[in-house]
Amino acid sequence: MKIKRRYFVLSSLIAVLVASWGLLLNTAPATQTLIAQRPVTLTVSAAADLNYVFKEIGALWEKETGNKVTFNFGSTGQLAQQIERGAPVDLFAAANKSFVEDLDKKGLIVSNTKALYGRGRITVWTREDSKLNPKDIRELTKPEYKRVAIANPDHAPYGIAAKEAFQSVGIWDAIKPKLVLGENIRQTQQYVETGNVDVGIVALSLSVNKPGKWELIPENLHKPIDQMLAVVEKSRHQQQAKQFAQFINGFKGRPLMKKYGFVLPGETAN
C-alpha cells in the first residue's frame, strides 16, 4: 500500500514538472519578444554640422519608436579617434566619407551599413547685428576683417573645405594671420556669435533657420563635402542603429536634411 502511495505521489510530481516545462516553452517566445521590444538608448557620434538637424530627426524617431538617442557632436576626426579607442558608439555620422572608409579598413564599422546621407556646403557667416556683410571670401583680406574663424583643418572636414576655398582664390597666406581655429564647425560659429571674431566660414546647415547674415561659397572652390554614416562594429544595438540610419535617409529624414541645406543622395545642388 505504501509503495502504491509513493508511486502515486511521484507520478503526480512528474506530471506537474512536465506541465510546468510545457508552459515555460510556450511562454518563452513571448518573453523573448518582450525583451526584444524593450526601448534602447542609442549613442550617435555625429559631425557638429548636424547639431540642429539631427536633434529634430532624433526627436521624431524617438516619438515613433519609443527608443532614445543620445548625440555626441564634435569634429569628425576627433570622433573617429574616439571610436578607434573603443568609445561606446552605435552609429557614426561623419562630415566626410573618408573617415568612415578609414574605419572600415580597420574593421571598426559594419561595412554593409555605409551610406551617404548628404553633401554639405560652406558659407561666410556674420552676426545679424554686424556692420560687416561680406559677399565674397576675397573681401576677408580687407583690414576691417581682423579675425576670421574656421574649423581646424587638421581634423574638421569643414575646416578643410574652408582652407581649400581660400587657396583656390589665392588668399590663404593673407588670411592665415587672421585665423581663429574652432575645434569643430559649431564652435567656429559660436566664436562669431559671441563677437570674438568678425566672421566665420561655417556649414550651411548651421546658417539656415538661424539669425545671421550669410553668403554661400561656390562649391567649385573646394572638394565635395560628401557625408557618410555607418553602424559601429562594437555596437550593442546594431539593429536599432541600422533602423535609425535608414530613418535619416528615409522619407521622413530626407525632408529635414533638405531643410537644413544638405544636397541629398541622388540629387544635385541648386
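Everything below is about the structure printed above this text.
A short tour of the structure in this document, coming up.

How each quantity is defined
Residues numbered from 1 in each chain as written. Predicted model: local features only at pLDDT ≥ 70, side-chain atom pairs only at ≥ 80, totals over all residues. Heavy atoms only, no water. Helix = DSSP H or I, 4+ residues; strand = E, 2+ residues; numbered from the N terminus. Buried < 20%, exposed > 50% of the residue type's maximum accessible area, 1.4 Å probe, protein only. Contact = heavy atoms within 4.5 Å. Salt bridge = Lys/Arg side-chain N within 4 Å of Asp/Glu carboxyl O. Pairing = 2+ DSSP bridges. Axes fitted to C-alpha atoms, helices over the stretch in contact; angles between N-to-C directions. Expected span 1.5 Å × (residues − 1). Phe/Tyr/Trp six-rings, centres within 6.5 Å; stacked < 30°, edge-to-face > 60°. Core = buried A, V, L, I, M, F, W, Y, C linked by side-chain atoms within 4.5 Å. Parallel < 35°, antiparallel > 145°, perpendicular 65-115°, else oblique. Left-handed = near helix turned anticlockwise from the far one by under 90°. Nonpolar A, V, L, I, M, F, W, Y, C, P; charged D, E, K, R; others polar.

## Focus on the side chain of Ser75
Okay, step 1: Examined against the element boundaries, Ser75 turns out to sit in the loop between β2 (68-74) and α3 (76-84).
Okay, step 2: Classification of Ser75 as buried rests on a relative accessible area of 3%.
Okay, step 3: Sequence-distant contacts of Ser75, defined by excluding residues within four places in its chain, comprise His155, Ala156, Glu183 and Asn184.

## What about the pattern of salt bridges?
If the charged atoms of two oppositely charged side chains come close together, the side chains can form a pair.
Okay, step 1: By the definition in use, this model includes 14 salt bridges.
Okay, step 2: Residue Glu56 pairs with Lys259 through a salt bridge whose shortest N-O separation is 3.1 Å. In this pair, Glu56 is assigned in helix α2 (residues 51-65) and Lys259 in helix α10 (residues 253-259), connecting sequence segments 203 residues apart.
Okay, step 3: Lys210 serves as the salt-bridge partner of Glu193, at 3.1 Å between the closest nitrogen and oxygen. Within this pair, whereas Glu193 is found in helix α7 (residues 185-193), its partner Lys210 is found in the loop between α8 (204-207) and β9 (213-216), the two being separated by 17 residues in sequence.
Okay, step 4: Using a relative accessible area of 24% as the deciding quantity, one classes Glu193 as partly exposed.
Okay, step 5: A relative accessible area of 24% places Lys210 in the partly exposed class.
Okay, step 6: Here the residues in one salt-bridge network are Arg119, Glu219 and Asp226, joined through shared partners.

## Some remarks on the sheet that holds strand β6 (residues 148-151)
Okay, step 1: If you walk across this open sheet you meet the five strands as β7-β6-β8-β5-β9, and the pairing is mixed. This sheet does not close on itself; its edge strands, each paired only once, are β7 (179-182) and β9. Sheet twist, expressed as the average angle between the axes of neighbouring strands with direction ignored, equals 30°.
Okay, step 2: As defined by bridge partners, β6 adjoins strand β8 (residues 199-203) across two bridges and the pair is classed as parallel. When the sheet's bridge partners are listed, Val148 is paired in β8 with Val199.

## Some points on the pairing of strand β5 (residues 122-126)
Okay, step 1: In terms of burial, β5 is a largely internal element, five of the five residues being buried.
Okay, step 2: Side chains Ile122, Val124 and Thr126 project from β5 onto one buried face, and the interleaved Thr123 and Trp125 project onto a second face that is buried too.
Okay, step 3: Judged from the four bridges that link them, β5 and β8 form a sheet pairing that is antiparallel. Bridge pairing in β8 links Ile122 to Ala203.
Okay, step 4: For β5 and β9, the ladder comprises four bridges, and the chain directions are antiparallel. Bridge pairing in β9 places Thr123 opposite Leu216.

## Comments concerning α2
Okay, step 1: Compared with an ideal rise of 1.5 Å per residue, which puts 15 residues at 21 Å, α2 spans 21 Å between its outermost C-alpha atoms and is within 8% of the ideal.
Okay, step 2: By the burial criterion, the buried members of α2 are Asn51, Tyr52, Val53, Phe54, Ile57, Gly58 and Trp61.
Okay, step 3: Trailing α2 by a residue or two, Gly66 shows a phi angle of about 85°, which is positive.

## A few points about the packing of aromatic side chains
Okay, step 1: Tallied over the full model, the rule gives seven aromatic pairs.
Okay, step 2: Pairing Phe71 with Phe73 gives two aromatic rings, centres 5.2 Å apart and planes at 25°, and the pair type is stacked.
Okay, step 3: Aromatic side chains Phe71 and Phe244 sit 6.3 Å apart centroid to centroid with 45° between the ring planes, which places their arrangement in the tilted category. Linking Phe71 in strand β2 with Phe244 in helix α9 (residues 238-248), this pair joins segments that are 173 residues apart in sequence.
Okay, step 4: For Phe244, a relative accessible area of 0% gives the class buried.
Okay, step 5: Each residue in the set Phe54, Trp61, Phe71, Phe73, Tyr117 and Phe244 is aromatic and connected to the rest through ring pairs, giving one cluster.

## Considerations on the nonpolar core
Okay, step 1: Formed by 64 residues in total, the largest nonpolar core has its most connected members in Leu50, Phe54, Phe166 and Ile201.
Okay, step 2: Those residues in contact with Phe54, other than ones at most four positions away along the chain, are Val44, Ala46, Phe71, Phe73, Ala93, Ile248 and Met257.

## Focus on the packing of α2 against α9
Okay, step 1: Axis separation between α2 and α9 bottoms out at 11 Å; the angle between their running directions is 120°. Relative to α9, the element α2 lies oblique. Considering the relative orientation of α2 and α9, their crossing is right-handed. On α9, the residues that touch Phe54, Ile57, Gly58, Leu60, Trp61 and Glu64 of α2 are Gln240, Gln243, Phe244, Phe247 and Ile248.
Okay, step 2: Class assignment of the residues belonging to the contact of α2 with α9 gives a composition of seven nonpolar, three polar and one charged.

What is shown is where atoms sit, not what they do.
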